[in-house]
Amino acid sequence: MSGGAATPSAAWARTFELPDRHSADSPPEARGLARDDVRLLVAGDRSTHARFRELPRYLRSGDLVVVNNSATTSAAVDATLADLPITLHFATWLDDGGWVVEVRTRERTPLTDRELRAGAVLELAGEARATLREPWLPGARRLWIADVTVDPRILMGEHGRPITYSYVPRRWSPSYYTTVFGRIPGSAEMPSAARPFTHDVVLDLVTSGVSLAPVTLHTGVSSPEAGEPPSPERFAVPAATARLVNDTKSAGGRIVAVGTTVTRALESAADADGRVRPAGGWTELVLAANRPARVVDGLITGWHAPGASHLDLLVAVAGETTVRRAYTEALDTGYLWHEFGDSALLFRGDGRD
């Protein structure tokens, strides 16, 4: 769900309307569909409508698909704040032992500034406590650094559930928030662009001459405040993946990122000439029209809500003309939004951006 881009600058990205009927409120499996049977809009020089299982038809032998091997944690844990029932979202861990957290009501709305302060103590399961230290990002008070008396991984394992928002009214088991590539636990929210991939789709890609390679980017929590800076995220681009990316580019193949998370990781490891080197740690990279992608040629992604920071990242890869046209077609033809919704494969079009 996360991706690390700036507030969208294009007016259409801030103002297009998303009717409720376009929100996927349950997994495709609960709607009688296989994971790879969601719709796929392929956009570049022209647009094509397909099903996700047909993805290999739109890639070429010699292309490289880069995936995120971060696995989703059950990052939502019930707690109380001065006898007020709340939900605590564990976003990521810090090098000093603290954790970045988000505090929400049980109705899944953020708490106000008046209710959160440094030193506030949140009571968790058993006798565990989380004490708010200070806001994490300058100028914002949605995310806080907290010191927790018990390893939050234990709390999440015993008492946690996947983070959900109001457009998904029912709780679904963690199995619905997995991807076939998830191997390293660490994402607060599912790297959802990879959700429609199945073993059959992966096999079809490989047998058609398309290679796959992993990176790691642990997503934080989405739904930032207006004007809130993008959250730093932990990432790693291994040497083998960097080598495959560079070799693919040299041979004329395309680099297709599965999600905004992969795009952010790869671009964070690229130099000014677009050559990728092994890298890791924290990334604060912001991709937008004024900082276009240097490595990624195509992007597999879900559909993002009006004003979502991810939209500028899509423009950084595919250009505003392609992205705007794709979103218009998706709205006109009934595509579904959010992590349980439909998909897009975006390439930069004919250069008229």
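In this text, all values refer to a predicted model and were calculated from it rather than measured experimentally.

For the rest of this paragraph, the subject is the overall build of the protein. The number of helices and strands found in the protein is 7 helices and 17 strands. Dimensions of the protein, computed from C-alpha atoms along their principal axes, come out at roughly 60 × 40 × 40 Å. By residue count, 56% of the 353 residues in the protein fall in the buried class. A total of about 14700 Å² of accessible surface is found on the protein, and carbon and sulfur atoms cover 49% of it. The distance from the centre of the 38 positive side-chain charges to the centre of the 43 negative ones in the protein is 3 Å.

By size, the foremost hydrophobic cluster in this structure holds 44 residues, and its most contacted members are L88, F90, V101, L122, L124 and L132. Taken together, the elements giving at least two residues each to this core come down to β5 (76-81), β6 (84-93), β7 (99-105), β9 (129-135), β10 (143-148) and α2 (152-159). Composition of this core by domain shows at least three residues from each of domain 1 (11-72 + 173-347) and domain 2 (76-161). For V101, the residues in contact, after removing those within four places along its chain, are L88, H89, F90, A91, L132, R142, L143, W144 and A146. If you look at the next biggest cluster of nonpolar residues, it comprises 42 residues, including L217, A242, V296 and V315.

So, on to the sheet that holds strand β16 (residues 298-301). On the basis of which strands lie adjacent, the open sheet formed by 9 strands has the order β2-β1-β17-β16-β14-β3-β12-β13-β15 and mixed pairing. One side of each edge strand has no neighbouring strand; the edge strands of this open sheet are β2 (47-51) and β15 (279-283). Sheet twist, expressed as the average angle between the axes of neighbouring strands with direction ignored, equals 20°. Together, β16 and β17 (343-347) form the strand contacts of helix α6 (residues 310-318), whose direction differs from that of β16 by roughly 150°. Packed onto the sheet, helix α7 (residues 320-332) meets β1 (39-43), β2 and β17 and runs at close to 145° relative to β1.

A word on the pattern of salt bridges. Taken as a whole and judged by the stated rule, the model has 18 salt bridges. For the salt bridge of E102 with R104, the shortest nitrogen-to-oxygen distance reads 3.2 Å. A single burial state applies to E102 and to R104, both of which are buried. With a shortest N-O distance of 3.3 Å, E267 and R291 are connected by a salt bridge. Highlighted residues: E267 in helix α5 (residues 260-268) and R291 in the loop between β15 and β16, separated in sequence by 24 residues. Take E267: its relative accessible area is 1%, and that puts it in the buried class. Exposure remark for R291: the relative accessible area of 14% places this residue in the buried category.

Its domain assignment divides the protein into domain 1 (11-72 + 173-347) and domain 2 (76-161). If you average the C-alpha positions of domain 1 and of domain 2, the two centres end up 29 Å apart. Contacts between domain 1 and domain 2 engage 16 residues on the former and 16 residues on the latter. Here domain 1 and domain 2 share an interface that buries about 1300 Å² over both sides, 56% of which is from carbon and sulfur atoms. Connecting domain 1 to domain 2 are 1 salt bridge.

Empty space left among the atoms is revealed by rolling a probe the size of a water molecule over them. Summed over all chains, the structure comprises 1 cavity of 30 Å³ or more. Its volume calculated, the largest cavity comes out at about 90 Å³. If you trace the largest cavity, you find 15 residues lining it, with S192, R195, P196, E339 and G341 closest to the centre. For the lining of the largest cavity, the residue count by class is 5 nonpolar, 6 polar and 4 charged.

Orientation of α6 relative to α7, taken along the N-to-C sense of each, is 125°, at an axis distance of 7 Å. One way to sum up the angle between α6 and α7 is to call them oblique. From α6, L311, L314, V315 and A318 reach across to α7, where they touch E320, T322, V323 and Y327. Of the residues that constitute the contact of α6 with α7, the class distribution is 6 nonpolar, 1 polar and 1 charged.

What follows concerns the side chain of H218. Relative to the helices and strands, H218 is located in strand β12 (residues 211-218). Assessed through its relative accessible area of 9%, H218 is described here as buried. A distance of 2.7 Å separates the side chain of H218 from the side chain of S70, its partner in a polar contact. Residues in contact with H218, not counting those within four places in the same chain, are S70, W93, I184, P185, G186, S187, E233 and R234.

Criteria and thresholds
- Residues numbered from 1 in each chain as written.
- Predicted model: local features only at pLDDT ≥ 70, side-chain atom pairs only at ≥ 80, totals over all residues.
- Heavy atoms only, no water.
- Helix = DSSP H or I, 4+ residues; strand = E, 2+ residues; numbered from the N terminus.
- Buried < 20%, exposed > 50% of the residue type's maximum accessible area, 1.4 Å probe, protein only.
- Areas by Shrake-Rupley, 256 points an atom, 1.4 Å probe, with all protein chains shown as cover.
- Lys, Arg positive; Asp, Glu negative; His and termini not counted.
- Charge placed at Lys NZ, Arg CZ, Asp CG, Glu CD.
- Core = buried A, V, L, I, M, F, W, Y, C linked by side-chain atoms within 4.5 Å.
- Domains from an automatic or database assignment.
- Contact = heavy atoms within 4.5 Å.
- Pairing = 2+ DSSP bridges.
- Axes fitted to C-alpha atoms, helices over the stretch in contact; angles between N-to-C directions.
- Salt bridge = Lys/Arg side-chain N within 4 Å of Asp/Glu carboxyl O.
- Buried area = accessible area lost by both parts, 1.4 Å probe.
- 1 Å grid on protein atoms, 1.4 Å probe; cavity = no way out; pocket = protein on both sides within 12 Å on 5 of 7 lines; lining within 4 Å.
- Points joined across faces, edges and corners; volume = space filled by probe spheres on them.
- Nonpolar A, V, L, I, M, F, W, Y, C, P; charged D, E, K, R; others polar.
- Parallel < 35°, antiparallel > 145°, perpendicular 65-115°, else oblique.
- Polar contact = N/O pair within 3.5 Å; in protein donor to acceptor, adjacent residues only side chain to side chain.

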